[in-house]
Amino acid sequence: MGRWICCPCSRAADSWMLLLVLAASCSPSLEATVSPPVPHIKPSYSFGRTFLGLDKCNACIGTSICKKFFKEEIRFDNWLSSRLKLPPSYLLSYSGNYTDDAKSWRMVDITRLTTKYQHDQADKRICTALLKTRTCSLERALRRTARVQKWLRAKRLTPDLVQGLPSPMLRCPSQRLLDRIVRRYAEVPDAGSIYMDHLTERDKLRLLYTLAVNSHPILLQIFPDVEGWPFPRYLGSCGRLVVSASTRPLRDFFGAAPEVAADLAVQLLAVLRSMGTNDLNYFFYFTHVDAGTFGVFSNGHLFIRDASTLGIIDREEGSPLTGDQQEHKDIFSCLTVDCQSAAVSCNSIREEQSLVMVCRELLPKLLGGKFLRAVQEEVDGFLQHCADGFTDDQGIDGAVAKLAELLKPLRSCDARFAYRYPDCKYSDKY
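This is a predicted model, so every value here is computed, not measured.

Trainee: Where do I start with the nonpolar core in this structure?
Mentor: Note that soluble globular proteins tend to have their nonpolar side chains buried in a common cluster. Membership of the largest hydrophobic core comes to 98 residues, with the highest contact counts inside it found for Met169, Phe223, Phe294, Leu363 and Leu367. Here this core gets 11 residues from one element, more than from any other, and that element is helix α12 (residues 258-276). The contacts of Met169, once residues within four sequence positions are left out, are Leu177, Ile181, Leu211, Ser215, Ile218, Leu219, Ile222, Leu310, Gly311 and Ile312. Grouped together as the second largest cluster of nonpolar side chains are 17 residues, Leu54, Phe76, Tyr98 and Val108 included.

This is the structure we're talking about:
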């Protein structure tokens, strides 16, 4: 009996041990049981249409560079860190990075034509004035206006279509200038034609909106840097954001070393001369200048950073708009400025206007207290003569020419001024 009692237990134990051995031999190794690592997914930011201003199109600037934003080939500065975060939408401009090959990056400026608050106020003004509501479809509202209807029917951009727009560039428009805008408008495929047949209704509304809000991006397009004009390169637009080559405002150099200040002052005076005398026979003048109007590339080259206050007079054709014709106003005249503000007559523009403004507002801050006493007294004397101008045009020109000659020897020739180095070693031009 004992044997039979013990045998089943023994067999059960043996069977249990056998199962354990089989389980151990069949089970995968410890390394194989560990879950494979989850592949690292690169974080990215999904742009909101509101931040870019795409929700406002076609009352916007354009869409030519939107793909770069969505493919992360345009990044804000903090995108290069692990924490992707867009800057506040209320800023007027942002520093960014741009690439064509995802390997090499270059600095760019990402800017709004006005502050977001001004944009929002203008949008409300459109809805209130045209549809009597606080919010609306901006495009639907603007399409109801007589100006847009004229634009949509027009085959050519003519002076009567832009009369009353607040941009200084269009205060005294010639047909030659308007044809140049149509031929070189970069938000559409280049047709090389003065006629607007290649512009869709959407394109015409975007062009009109841009000209009504701020003509800065249009000036960058029609007078490109590759042709020698002193503007940053226009790279494209997305919604209400404009992307252009990176800049540092002149205000950053008010505390610069004497040789740097002298170099920038000489360049600034040369830019103003070129804007008054150029091969195309256009006369450019400023209606306002401040410390952000001019900027400096990383190679030390100075240029016009903000062209929004530039007016243009065509010395070759003149302007067909005179008197009351220029005073026609509508909703497009008031998007960013006071409708009641008085416009300046084309005939009242003086050729020395920009020089006087720069001598009053910028050069004293750039050149003040920089040089030895005797030289500084001469510099200050020329600046005072220029700033007190408008009584003796020849005197202003002479003072500016003498100031430039005084400053040229005070510049240095080294790698800080890459735009002219090492050429300055071998040429008296610099």
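Trainee: What's the story with helix α7 (residues 146-153) in this structure? I'm lost.
Mentor: An α-helix turns once every 3.6 residues. As a result, residues three or four positions apart point the same way. Those residues of α7 not exposed but buried are Arg147, Val148, Trp151 and Leu152. Down the axis of α7, the buried set is contained in an arc of 135°. They therefore lie on one face. Within α7, the exposed residues directed more than 90 degrees away from the buried face are Ala146 and Arg153. On its buried face, α7 is in contact with α6 (138-143), α8 (159-162) and α10 (201-213).

Trainee: Is there a simple way to think about the pairing of strand β7 (residues 282-286) in this case?
Mentor: Within a regular beta strand, the side chains point alternately toward one face of the sheet and then the other, so they alternate between its two faces. By the criterion of burial, β7 is predominantly enclosed, with five of the five residues buried. The side-chain alternation of β7 yields two buried faces, one formed by Tyr282, Phe284 and Phe286 and the other by Phe283 and Tyr285. In this sheet, strand β10 (residues 310-314) lies alongside β7 in antiparallel orientation, the contact comprising five bridges. Residue Phe286 lies in a different strand from β10, and its bridge partner there is Leu310.

Trainee: Could you clarify how one ought to interpret the environment of Ser167 in this entry?
Mentor: Inspection of the secondary structure puts Ser167 in the loop between α8 and α9 (175-184). Note: C-alpha distance between Ser167 and Ser333 (166 residues apart in sequence) is 8.8 Å. Here Ser167 is in contact with Leu211 and Ser215, once residues within four sequence places are set aside. One polar contact links the side chain of Ser167 to the main-chain amide nitrogen of Met169, over a distance of 3.1 Å. Separated by 2.9 Å, the side chains of Ser167 and Ser215 make a polar contact.

Trainee: Help me out: how do you make sense of the packing of helix α13 (residues 353-361) against helix α15 (residues 373-387) in this one?
Mentor: Packed helices, taken two at a time, are described by the angle their axes make and the gap between the axes. Where α13 meets α15, the axes come as close as 8 Å, and the angle between the chain directions of the two elements is 130°. Considering the angle they form, α13 stands oblique to α15. The two elements α13 and α15 meet at a crossing, and its hand is left-handed. Packed against α13, whose contacting residues are Leu355, Val356, Cys359 and Arg360, the element α15 presents Leu383, Cys386 and Ala387 at the interface. For the contact of α13 with α15, the per-class residue count stands at six nonpolar, no polar and one charged.

Trainee: Looking at this structure, I do not really get the packing of α7 against α10. What am I missing?
Mentor: Across the interface, α7 lies against α10 with an axial gap of 10 Å and an inter-helix angle of 130°. It follows that α7 is oblique to α10 by the angle criterion. Two packed elements cross with a definite hand, and for α7 against α10 that hand is right-handed. Contacts between α7 and α10 involve Arg147, Val148, Trp151 and Leu152 from the first element and Glu201, Lys204, Leu205, Leu207, Leu208 and Leu211 from the second. Partitioned by chemical class, the residues of the contact of α7 with α10 number seven nonpolar, no polar and three charged.

Trainee: For this particular structure, what's the right way to read the environment of Leu372?
Mentor: Relative to the helices and strands, Leu372 is located in the loop between α14 (363-367) and α15. The exposure class assigned to Leu372 is exposed, which follows from its relative accessible area of 70%. Sequence separation between Leu372 and Pro258 is 114 residues, and the spatial gap between their C-alpha atoms is 9.9 Å.

Trainee: Could you clarify how one ought to interpret α10 in this entry?
Mentor: Helix length check: α10, at 13 residues, gives a terminal C-alpha distance of 18 Å against a target of 18 Å (1.5 Å per residue), a fit within 8%. In terms of burial, α10 is a largely internal element, 11 of the 13 residues being buried. Burial in α10 covers these residues: Asp203, Lys204, Leu205, Arg206, Leu207, Leu208, Tyr209, Thr210, Leu211, Ala212 and Val213. Residues of α10 that are buried in the fold lie against α5 (116-131), α6, α7, α9 and α11 (216-222).

Trainee: For this particular structure, what's the right way to read unusual backbone geometry?
Mentor: If a residue is not glycine, its phi is most likely negative; likewise, a peptide bond is most likely trans. That bond from Cys57 to Asn58 is cis: its omega, 20°, falls within 30 degrees of zero. You can see Asn58 is positioned in the loop between α3 (49-52) and α4 (66-70). Following Tyr421, the chain continues to Pro422 via a peptide bond in cis, the omega torsion being 10°. Among the secondary structure elements, Pro422 is positioned in the segment after α16 (393-407).

Procedures and definitions
Residues numbered from 1 in each chain as written. Predicted model: local features only at pLDDT ≥ 70, side-chain atom pairs only at ≥ 80, totals over all residues. Heavy atoms only, no water. Core = buried A, V, L, I, M, F, W, Y, C linked by side-chain atoms within 4.5 Å. Buried < 20%, exposed > 50% of the residue type's maximum accessible area, 1.4 Å probe, protein only. Helix = DSSP H or I, 4+ residues; strand = E, 2+ residues; numbered from the N terminus. Contact = heavy atoms within 4.5 Å. Arc of directions from axis to C-beta. Pairing = 2+ DSSP bridges. Polar contact = N/O pair within 3.5 Å; in protein donor to acceptor, adjacent residues only side chain to side chain. Axes fitted to C-alpha atoms, helices over the stretch in contact; angles between N-to-C directions. Parallel < 35°, antiparallel > 145°, perpendicular 65-115°, else oblique. Left-handed = near helix turned anticlockwise from the far one by under 90°. Nonpolar A, V, L, I, M, F, W, Y, C, P; charged D, E, K, R; others polar. Expected span 1.5 Å × (residues − 1).

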